[in-house]
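# Structure assessment
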Amino acid sequence: MIKDHLKYLHGILLLMALTGSMTALAQTDNFRQLHEKLQQEKDSAKYVKLLNSLSFYHHRNNLDSCFWYATKALEIALRRQDEKGKSYAYTNFALFYTKKRNLKLAIIYNYRALEIDYALSDSANISIDLSNLALAYRAEGNLGKAQEYEQRSLQLGSKYPELGDYKVDLINYLEYYWNNPAKIDSVKWALRELHTISSKKPYSMEWYESRIYETLTSIKTKPFRQTEKQLKDLAADAYRRGLPDESLTAYVLMLRDVLPMGYDVDSIAYAEKIFLLAKEIGDDEVIMKMIPKLYKHYLPGKDWRRIALYGASIRQLAMFEQSEAGKLPVVDHISYFLKEQEMQELQIASQLQQHAIEQSNLQRTSHRILLIFLLALLILLLIFTTIYCFSYYAYRRHTRELAALNADITEKNIRLQAGDDFKNRLLSLIAHDFRAPINDILHTARLWQRGTNNQRAMLNSIGRVELDSRRTLDNFDGILRWIKSQFSDFAYHPVPCDINEMIAEIIAGIEAEAGNQSPRITTSIPDATVVAADAEMLQFVHRTILRQLITLTGNNGTIDIQVQQHAGQTTFTATGSPIAVTPPLLRLLDLPQQEDKLILVTCKDFMNKMGGSLQVKSDKPDTFAFIYQL
């Protein structure tokens, strides 16, 4: 176990030598300089670094001082939130507990330093922490963990060869395995790597380490005395160049590793050299390891000078321990560790509470952002709705205006069409209904011009002129009334009309016109059949209907007139048979665009004005009927 711890401490010493601080800290003058700088510095990161440096200095000669300085450094680093200072302090705590043979606590503090360095992404210190963990696990006897961290440190160091700990890892690897037959190839690789790196800086610590292990690996292939001489020459040269630690390393390896291999090694001579070098360097632990061996060797021979020398060294170390113990307060290490654990638990609880507060604040912020987003969305929806409603109402207003314009245009078109129809009908009525009577009158006038002695023919022609004139007058009167009804200021004023009287008057006129050749007219009209209508319009309709039936049936036909009243409605039906025209001609009667039937259109307009209707009907092939209702 002591041998393993010595290896661990040797690795730490090599590490600090790479950073350029081991030799300086080992000197008493530099120790005083550290105290002077500490008094000059104020509460700062540099102050914490000086405390940690003093703690590291004392880890070899006064563990209480080491612990006290590391404690102060950690307290200030925690207060100032100095992560590098905390990492350095945890490394010193690991050294302290290693010296105290409490390797579990040493590993815990190494892990804490590693956690901080990972958070800082400090590759150099990560490599150092991994190397320290490997050394601690090796000292504890956990070779599996030790080799795992050795490999991780070597892998990280190979990526960043400029890191100092890569060289330490190679040196440690050589120290552990240089005489292991199963690791011959790995040892050769490590020697090549260290030789390549150290060649860039001759006569440095790693340069001497590389040459020392190259000499040791050749001990089996060369004469022992030749190898021993080379090793002594390297130790002497390192000492001359101000590297007593490398001389100490060479002698320790001879005493620790070469002697058990069976070679003729003068252990007392090497122990004396190690003692003197350790005393010069200030490595109290190595001194204490060498004194028992030397004291026991010289005590039987009563070499009082040497016995006094070793006793004085022991007395000096004891006085120094007492002096440092009087200067520093008594430290209860276990209580401090428990207190630190409690503080860390409180810190973790505080962090959890802070995390909960941050989560709550984050949730409130998220809710606030969500509310703002929803409010903005609502405002956008309101704006969109307002725009949509405005557009919709504008569209509706535009549609209504357009509909009104279309209605106005349609109404004007209807009026224009009605005006055109009125003019066309008027022209057609005049052209058709007046043409035949006037032609008869003109024909009669020509006959009179030619002269005739036939008195009877003269009387007949005079009768025809009278008949044509009467019909022309009736048509003209009907046309005038129809024209009047088409005006916008026409007002319809119905009066009671007796249909019996009106039909009797028309029949009497027809019989007078036709004489003996008048058709047979039968009526079936109830007494006192009265309707509300315009008498002249209604009589024009009666006269036109009967004349049309006479035209259709001829003088030998029969006209049957029937009037029925039901529920305040009067139905007038005039049926003529047999008809003298074909059915296709009958269908023309209901088409107002035909010129010869426009007079019937006039009758329909009159019936519409009076609130009635007029239609034609042909139930049998040889009959035809006009029906109106009022």
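See the structure printed just above.
Fair warning: this is a prediction, and the values are worked out from it, not measured in the lab.

Summing up its helical and strand segments, the protein chain has 24 helices and seven strands in all. The 630 residues of the protein chain split such that 42% are buried. Counting only contacts in the protein chain whose residues sit at least 6 apart along the sequence, the fraction spanning at least 24 positions is 67%. Carbon and sulfur atoms form 56% of the exposed surface of the protein chain, whose accessible area is close to 34,800 Å².

Note that strand E4 (residues 558-566) and strand E5 (residues 569-577) share nine bridges and pair antiparallel. In the sheet register, glutamine 562 faces E5, and the bridge partner there is threonine 573. Between E4 and E5, which follow one another and run antiparallel, lie two residues, and alanine 567 among them has a positive phi close to 55°. Where E5 lies against strand E7 (residues 624-629), six bridges are found, and the strand directions are antiparallel. Bridging from a neighbouring strand, phenylalanine 572 pairs with tyrosine 628 of E7.

Taken as a whole, this structure holds 15 salt bridges when the rule is applied. The salt bridge involving lysine 229 is made with aspartate 233; its shortest N-O contact spans 3.2 Å. Remark: aspartate 233 and lysine 229 occur in helix H13 (residues 224-240); sequence separation between them is four residues, near one turn of the helix. Given a relative accessible area of 52%, lysine 229 falls into the exposed group. You can call aspartate 233 partly exposed: its relative accessible area is 40%. A salt bridge links aspartate 408 to lysine 412, with the shortest nitrogen-to-oxygen separation between them at 3.3 Å. You can see aspartate 408 and its partner lysine 412 sitting in helix H18 (residues 333-433), four residues apart, about one turn around the helix. In the salt-bridge network here, residues are joined through shared partners; they are Arg225, Glu228, Lys232 and Asp264.

To continue, consider the side chain of threonine 529. Mapped onto the elements, threonine 529 comes out in the loop between strand E2 (520-524) and strand E3 (530-533). For threonine 529, a relative accessible area of 0% puts it in the buried group. Here proline 526 takes part through its backbone oxygen, which lies 2.6 Å from a polar atom of the side chain of threonine 529. Those residues in contact with threonine 529 that sit more than four places away from it in its chain are Cys497, Asp498, Ile499, Val563, Gln565 and Thr570.

Here H13 spans 24 Å end to end across 17 residues, near enough to the 24 Å set by a 1.5 Å rise per residue. What H13 keeps buried is the set Phe224, Thr227, Glu228, Leu231, Leu234, Ala235, Asp237 and Ala238. Of the surrounding secondary structure, the elements contacted by the buried residues of H13 are helix H12 (205-217), helix H14 (244-258) and helix H15 (267-281). Immediately beyond the C-terminal end of H13, within one or two residues, lies glycine 242, with a positive phi of roughly 85°.

Put simply, H15 and helix H16 (residues 284-298) touch, their axes get as near as 9 Å, and they point 140° apart. On the basis of the axis angle, H15 is oblique to H16. The chirality of how H15 crosses H16 is left-handed. Across from Ser267, Ile268, Ala271, Glu272, Ile274, Phe275, Ala278 and Lys279 in H15, the residues of H16 making contact are Val286, Ile287, Met290, Ile291, Lys293, Leu294, His297 and Tyr298. A class-by-class count of the residues in the contact of H15 with H16 yields eleven nonpolar, two polar and three charged.

For the bond from serine 577 to proline 578, the omega torsion is -15°, close enough to zero to count as cis. Relative to the helices and strands, proline 578 resides in the loop between E5 and helix H23 (583-587). Backbone geometry at tyrosine 203 places phi at a positive 65°, although glycine is not the residue there. Take tyrosine 203: it is sitting in the loop between helix H11 (184-198) and H12. Of the residues examined, tyrosine 203 reaches a relative accessible area of 39% and is grouped as partly exposed.

Glancing now at the packing of aromatic side chains. In this structure the tally under the stated criterion is 21 aromatic pairs. Here the aromatic rings of tyrosine 111 and tyrosine 149 are separated by 6.1 Å at their centres, their planes lie at 70°, and the arrangement is edge-to-face. Taken together, the residues span a long stretch of sequence, with tyrosine 111 in helix H7 (residues 103-120) and tyrosine 149 in helix H9 (residues 143-159) at a distance of 38 residues. Where tyrosine 251 meets tyrosine 270, the ring centres are 5.8 Å apart and the plane angle is 50°; that geometry is what we call tilted. Here the residue tyrosine 251 occupies a position in helix H14, and tyrosine 270 occupies one in helix H15, the gap between them amounting to 19 residues. Taken together, Phe67, Tyr90, Phe93, Phe96, Tyr97 and Tyr109 form an aromatic cluster joined through their ring pairs. We note arginine 112 situated over the ring of tyrosine 109; from NZ or CZ to the ring centre the distance is 4.9 Å.

With that settled, consider the packing of H11 against H12. In the contact formed by H11 and H12, the axes pass within 9 Å of each other and the chain directions differ by 145°. Here H11 and H12 pass one another in a crossing that is left-handed. Packed against H11, whose contacting residues are Val187, Leu191, Leu194, His195 and Ser198, the element H12 presents Glu206, Trp207, Glu209, Ser210, Arg211, Tyr213, Glu214 and Thr217 at the interface. Residues belonging to the contact of H11 with H12 are distributed by class as follows: five nonpolar, four polar and four charged.

The rules behind each value
Residues numbered from 1 in each chain as written. Predicted model: local features only at pLDDT ≥ 70, side-chain atom pairs only at ≥ 80, totals over all residues. Heavy atoms only, no water. Helix = DSSP H or I, 4+ residues; strand = E, 2+ residues; numbered from the N terminus. Buried < 20%, exposed > 50% of the residue type's maximum accessible area, 1.4 Å probe, protein only. Contact = heavy atoms within 4.5 Å. Areas by Shrake-Rupley, 256 points an atom, 1.4 Å probe, with all protein chains shown as cover. Pairing = 2+ DSSP bridges. Salt bridge = Lys/Arg side-chain N within 4 Å of Asp/Glu carboxyl O. Polar contact = N/O pair within 3.5 Å; in protein donor to acceptor, adjacent residues only side chain to side chain. Expected span 1.5 Å × (residues − 1). Axes fitted to C-alpha atoms, helices over the stretch in contact; angles between N-to-C directions. Parallel < 35°, antiparallel > 145°, perpendicular 65-115°, else oblique. Left-handed = near helix turned anticlockwise from the far one by under 90°. Nonpolar A, V, L, I, M, F, W, Y, C, P; charged D, E, K, R; others polar. Phe/Tyr/Trp six-rings, centres within 6.5 Å; stacked < 30°, edge-to-face > 60°. Lys NZ or Arg CZ within 6 Å of the ring centre and 35° of its normal.

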